[in-house]
Amino acid sequence: MAESMRGLRRSHRCTEVFASDIGRKVTVMGWVQRRRNLGSLIFIDLRDRSGLLQIVFDENNVGAEGFAKAGTLRNEFVVAVEGTIQKRSAAVNENLKTGDIEVIAETLRILSESDTPPFPIEENSQTRDDIRLKYRYVDLRRPDIQRNLMLRSKVAYLLREFMANEGFLEIETPMLTKSTPEGARDYLVPSRVHPGNFYALPQSPQLFKQLLMCSGYDRYFQIARCFRDEDLRADRQPEFTQADMEMAFVDVDDVIDVNERLLQYVFREAIGVEIPLPIPRMTWQEAMDRYGSDKPDTRFGMELVDVSGTVRGCEFGVFANALDNGGSVRGICVPGRGDLGRKQIDKLVELAKTYGAKGLAYIQCKTDGTVKSSFSKFFTEEGLQALIDAMGGKPGDLLLFAADKNKVVWDVLGALRLHMAKEMDLLDPGQYNFLWVTEFPLLEWSDEEERFKAMHHPFTMPMEEDWGKIDSDPGAVRAKAYDIVLNGTEMGGGSVRIHQNDIQEKMFEVLGFTQEQAWAQFGFLLEAFKYGVPPHAGLAYGLDRMVMLMVQAESIRDVIAFPKLKDASCLMTDAPNTVDVKQLEELGLEIRSEKNEE
């Protein structure tokens, strides 16, 4: 039966006692990790968020009643123990922070009993994700998850501390705002007071932080909750956290300077990683040409090589057609994989097809000096050797080629590059390669909507030297946009914002907005811009991603207390779910069944 604390107060967490405290009386509380009954002695490992502490129950010290009570303890019982610290009577446990001491119990209170937990409370659990998330409150007791969340708390504190010292003001922006559907899908919230009208949960504080710059708060910062109704991946959630900032009277270099020093401070203080400054920069075009990705992992080579010039005029139709249609032929050289078997090559071909390729051409430079190629009959021996030389191939290498529109070629080879690096164990988890990717395209073409869309958002400033192309060649206009990338993951991004009315109006025009549509969606911002707006720029980090990369987790679910599944549902709370009809009636809503629709 559970007991009350009856005036007991915890004096220490489990690992806040040391050998220097031997002889001291303490009161510790936590969960039973394990119990060992040796007959005359009972040992338990007591666990709290700080770690483990061994408790010893001896009838001579805890009394017959207390000793009998200790015999009933099971895993995950919550207990309070008063006792005295002493040096361990048995061998020291080098794996524990408290491995050289133990507490000799004098009183025991069982504060709460526990059913057998659905899975062991242990690090690196092999339990299925759906079970872990259904019982997330149990899963959160695991030491590795607790370390992740404690580090996340520390990172948030360090961010706030640095930003405050740099003169940033922490200002909250609204959660209930207006839907501006130029971007990901909004989560909508119906209004009871305004029937038929809806709020949207913010995808980011973008418009409000720009208004704060208009209002003279020249340095803004916020750890902001954001919401996007989009398909999920390992590093995405429907609700997530941004470390968001905006600065007035600045340009690209000013934003990068503050953020390089911010990253250096946070990584040093949080995990002891020293980031050398300045962080390398690479244009978007160079990143795509060299790595096939706008968030390249630079911890290894295997860079893309453009061999369009080398193969131009060849008789291989796949290469010739790609070049005739304005595409390119590019390849990667995979060292030491020239002797792969046919089945392994076929798997790479199938992988390439999932990224839009119609196939995958290859040359195997075998270790015995022979050469095998999927297209050798279309090349002379000299032509094939010229291609191998252009790729830097040598005996033992595998050369993989994609030929198509540039986007397809980049996607295919970028994915193959990463796949092979994982297969070859080239990704050092202890290496932190930061990179700024700059000068993104301002616009990208949507085949689905048959119009240009903003690659970032409609308020991104174009590069002045490219603005003259906005009518003749919109796709060639570069933006004053920048992403910070770590080990192949985009950790944050931002841009200089448009602050001139004529450029903003033209931007809306290029995106297909009429003046009326632009004002209907963004009128409050455009109205504010009439009253004096400073040049401004900003950046936002995905806080979840940042911590995920720091702890080298495979998913941001391991650094979020209560995450959702890939379908945006919560197994623990069974959300989303139906609501009472009365609530719907108050909101003027009716749920139509598929049968009624028919």
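You'll find the structure just up there.
Just so it is clear, the model here is predicted, and its values are computed rather than measured.

Engineer: Would you mind going over the pairing of strand E3 (residues 51-58) with me for this structure?
Structural biologist: Looking down a regular strand, the side chains alternate between one sheet face and the other. Pairing analysis gives 8 bridges linking strand E2 (residues 41-48) to E3, with the strands arranged antiparallel. Across the sheet, Leu-41 pairs through a bridge with Asp-58, a residue of E3. In textbook terms, the turn of a hairpin is the stretch between consecutive antiparallel strands, and for E2 and E3 this stretch comprises 2 residues. As paired strands, E3 and strand E5 (residues 101-112) are joined by 2 bridges and run parallel to one another. By the bridge assignment, Val-56 is partnered in E5 with Ile-104.

Engineer: Whenever I open this one, the layout of surface pockets confuses me. Can you help?
Structural biologist: Take a probe with the size of a water molecule and roll it over the atoms, and the empty space left behind shows itself. Reported here for the second largest pocket is a volume of approximately 510 Å³. Taken together, 23 residues line the second largest pocket, and the ones lying closest to its centre are Gly-51, Leu-52, Glu-123, Pro-143 and Arg-147. Counting only elements with at least two residues in the lining of the second largest pocket, the list comes to strand E1 (25-37), E2, E3 and helix H4 (143-165). With 4 residues, the top contributor of residues to the lining of the second largest pocket is H4. Here the lining of the second largest pocket is built from residues that sort into 7 nonpolar, 7 polar and 9 charged.

Engineer: Where do I start with the pairing of strand E10 (residues 239-248) in this structure?
Structural biologist: The element E10 is largely enclosed, with a buried count of 9 among its 10 residues. When strand E9 (residues 219-227) meets E10, the two strands line up antiparallel, connected through 9 bridges. Residue pairing across strands places Arg-225 opposite Thr-241, the latter belonging to E10. Pairing analysis gives 7 bridges linking E10 to strand E22 (residues 536-542), with the strands arranged antiparallel. When the bridges of E22 are listed, Gln-242 appears paired with Gly-542.

Engineer: Looking at this structure, I do not really get the sheet that holds E10. What am I missing?
Structural biologist: By definition, the strands of a sheet pair up through backbone hydrogen bonds, in either a parallel or an antiparallel sense. One open sheet holds the 8 strands; their spatial order is E6-E9-E10-E22-E21-E20-E17-E11, and the pairing between them is mixed. Among the strands making up the open sheet, the edge pair consists of strand E6 (169-170) and strand E11 (281-283). As judged from the 2 bridges shared by E6 and E9, these two strands associate in the parallel manner. Each residue of the ladder has a partner; that of Glu-170, found in E9, is Phe-221. On top of the sheet, H4 reaches E6, E9 and E10; it is set at about 150 degrees to E9, its chief contact.

Engineer: Looking at this model, I keep getting lost on the side chain of Asp-186. Mind explaining?
Structural biologist: If you trace the backbone, Asp-186 turns up in the loop between E6 and strand E7 (188-190). One buried charge, Asp-186, has no salt-bridge partner; the nearest side chain with opposite charge is Arg-228, at 7.9 Å. Of the polar contacts made by the side chain of Asp-186, one reaches the side chain of Ser-179; its length is 2.6 Å. At 2.6 Å, the side chain of Asp-186 and the side chain of Gln-203 are in polar contact.

The rules behind each value
- Residues numbered from 1 in each chain as written.
- Predicted model: local features only at pLDDT ≥ 70, side-chain atom pairs only at ≥ 80, totals over all residues.
- Heavy atoms only, no water.
- Pairing = 2+ DSSP bridges.
- Helix = DSSP H or I, 4+ residues; strand = E, 2+ residues; numbered from the N terminus.
- 1 Å grid on protein atoms, 1.4 Å probe; cavity = no way out; pocket = protein on both sides within 12 Å on 5 of 7 lines; lining within 4 Å.
- Points joined across faces, edges and corners; volume = space filled by probe spheres on them.
- Nonpolar A, V, L, I, M, F, W, Y, C, P; charged D, E, K, R; others polar.
- Buried < 20%, exposed > 50% of the residue type's maximum accessible area, 1.4 Å probe, protein only.
- Contact = heavy atoms within 4.5 Å.
- Axes fitted to C-alpha atoms, helices over the stretch in contact; angles between N-to-C directions.
- Lys, Arg positive; Asp, Glu negative; His and termini not counted.
- Salt bridge = Lys/Arg side-chain N within 4 Å of Asp/Glu carboxyl O.
- Polar contact = N/O pair within 3.5 Å; in protein donor to acceptor, adjacent residues only side chain to side chain.

None of the figures reported here should be taken as evidence of function without further support.
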